[in-house]
Amino acid sequence: EPEVTQTPSHQVTQMGQEVILRCVPISNHLYFYWYRQILGQKVEFLVSFYNNEISEKSEIFDDQFSVERPDGSNFTLKIRSTKLEDSAMYFCASSDRTSYSYEQYFGPGTRLTVT
Amino acid sequence: SQQGEEDPQALSIQEGENATMNCSYKTSINNLQWYRQNSGRGLVHLILIRSNEREKHSGRLRVTLDTSKKSSSLLITASRAADTASYFCVHTGTASKLTFGTGTRLQVTL
């Protein structure tokens, strides 16, 4: 069964460094998302992406964040200058979003630790 | 999407028993989905029920939807230890992002 994959599973970085989190969505899906979950808190929406552009973003997704689909398979989230409060699990998701269906399929997550 | 409110916040049962979780929402919906999250891992889509459906089954899962009461329930029959997880309901209108609440934490003990 196709699945969303994410790499790395755990990333440790120093404050102020840039990180890139990678995701490979399900191959025939056209809609891509990033969510994050700070330890012990709710899963929060960051950004959605369709047709090579951002379709919606949350207040969390400020200028320090960017997303890209550099080729036909990868979908990346870049944090330019990490802060301590960026420590969280980051989940990628994808969807084919047919007329009546909004199921999203999530990857296993990347745990980002900023020290 | 809009956040659903799950009830109870926590539920502890023994293996083999049934678990029922409830969800309430405030706005009109196109469909309602249930997701599961095991201990900080990725979310797994369980089942989607459309606004014109009243009940849906998938394996040991049974979902009901009452649009007049703006509520849904998820029943897990013959629970297993592997069902231990947090369960979330999410309803979507036309927006595609999912908004998660705090969920119901289900603990299934042997």
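Each remark here, short or long, concerns the structure printed above.
Chains are numbered independently. Their residues run from 1 in the order of the written sequence. Numbering of ligands from 1 and lettering of chains from A proceed in the order in which they are written. Where totals are concerned, whole chains, interfaces and linings use all residues; where local detail is concerned, this predicted model gives features only for residues with pLDDT of at least 70, and gives and counts side-chain atom pairs only at 80 or more. Side-chain calculation: all heavy atoms of the structure are included, whereas hydrogens and water are not.

(A) A look at the overall build of chain A. A run of DSSP states H or I qualifies as a helix once it reaches four residues; a run of E qualifies as a strand once it reaches two. Both are numbered from the N-terminal end. Scanning chain A from terminus to terminus reveals zero helices and 11 strands. Going from N to C terminus, chain A has its helices and strands arranged as β-β-β-β-β-β-β-β-β-β-β. What you see for chain A is a C-alpha radius of gyration of 13 Å, in line with the 13 Å of a compact globule of 115 residues. Based on the C-alpha atoms only, the size of chain A along its principal axes is roughly 40 × 30 × 30 Å. Between buried and exposed lies partly exposed: a residue is buried under 20% and exposed over 50% of the maximum accessible area for its type, with that area taken using a 1.4 Å probe on protein chains only. Looking at chain A as a whole, 44% of its 115 residues are labelled buried. The criterion used for residue contact is that any of the two residues' heavy atoms lie within 4.5 Å. Restricting the contact set of chain A to residue pairs at least 6 apart, pairs at least 24 apart contribute 54%. Surface accessibility of chain A: about 6000 Å² in total, with carbon and sulfur atoms responsible for 44%. Throughout, the radius of gyration refers to the C-alpha atoms, and the reference size of a globule is 2.2 Å times the residue count to the power 0.38. For every accessible area listed, the method is Shrake-Rupley and the probe measures 1.4 Å; residues are considered covered only by the protein chains on display.

(B) Looking closely at the environment of B:Leu61. Residue and element names in this part refer to chain B. Tracing the sequence through the fold places leucine 61 in strand 8 (residues 61–66). Using a relative accessible area of 14% as the deciding quantity, one classes leucine 61 as buried. The sequence separation of leucine 61 and threonine 20 amounts to 41 residues, and the corresponding C-alpha distance is 9.9 Å.

(C) View of the state of the cysteines. Here, a disulfide means two cysteine sulfur atoms that sit within 2.5 Å of each other. Taken as a whole and assessed by the stated rule, the structure comprises two disulfides over all chains. Here A:Cys23 connects covalently by a disulfide to A:Cys92, the sulfurs 1.9 Å from one another. Judged by the sign of its S-S torsion, about -60°, the bond between A:Cys23 and A:Cys92 is left-handed. Here the residue A:Cys23 occupies a position in strand 3 (residues 19–24), and A:Cys92 occupies one in strand 9 (residues 88–95), the gap between them amounting to 69 residues. Of the two residues, A:Cys23 and A:Cys92, both sit in the buried class. What pairs with B:Cys23 in a disulfide is B:Cys89, and their sulfur atoms sit 1.9 Å apart. Since a negative S-S torsion denotes a left-handed disulfide, the B:Cys23-B:Cys89 link at about 75° is right-handed. Placement of B:Cys23 in strand 4 (residues 19–24) and of B:Cys89 in strand 10 (residues 85–92) is noted, with a sequence separation of 66 residues between them. Exposure class is identical for B:Cys23 and B:Cys89. Each is buried.

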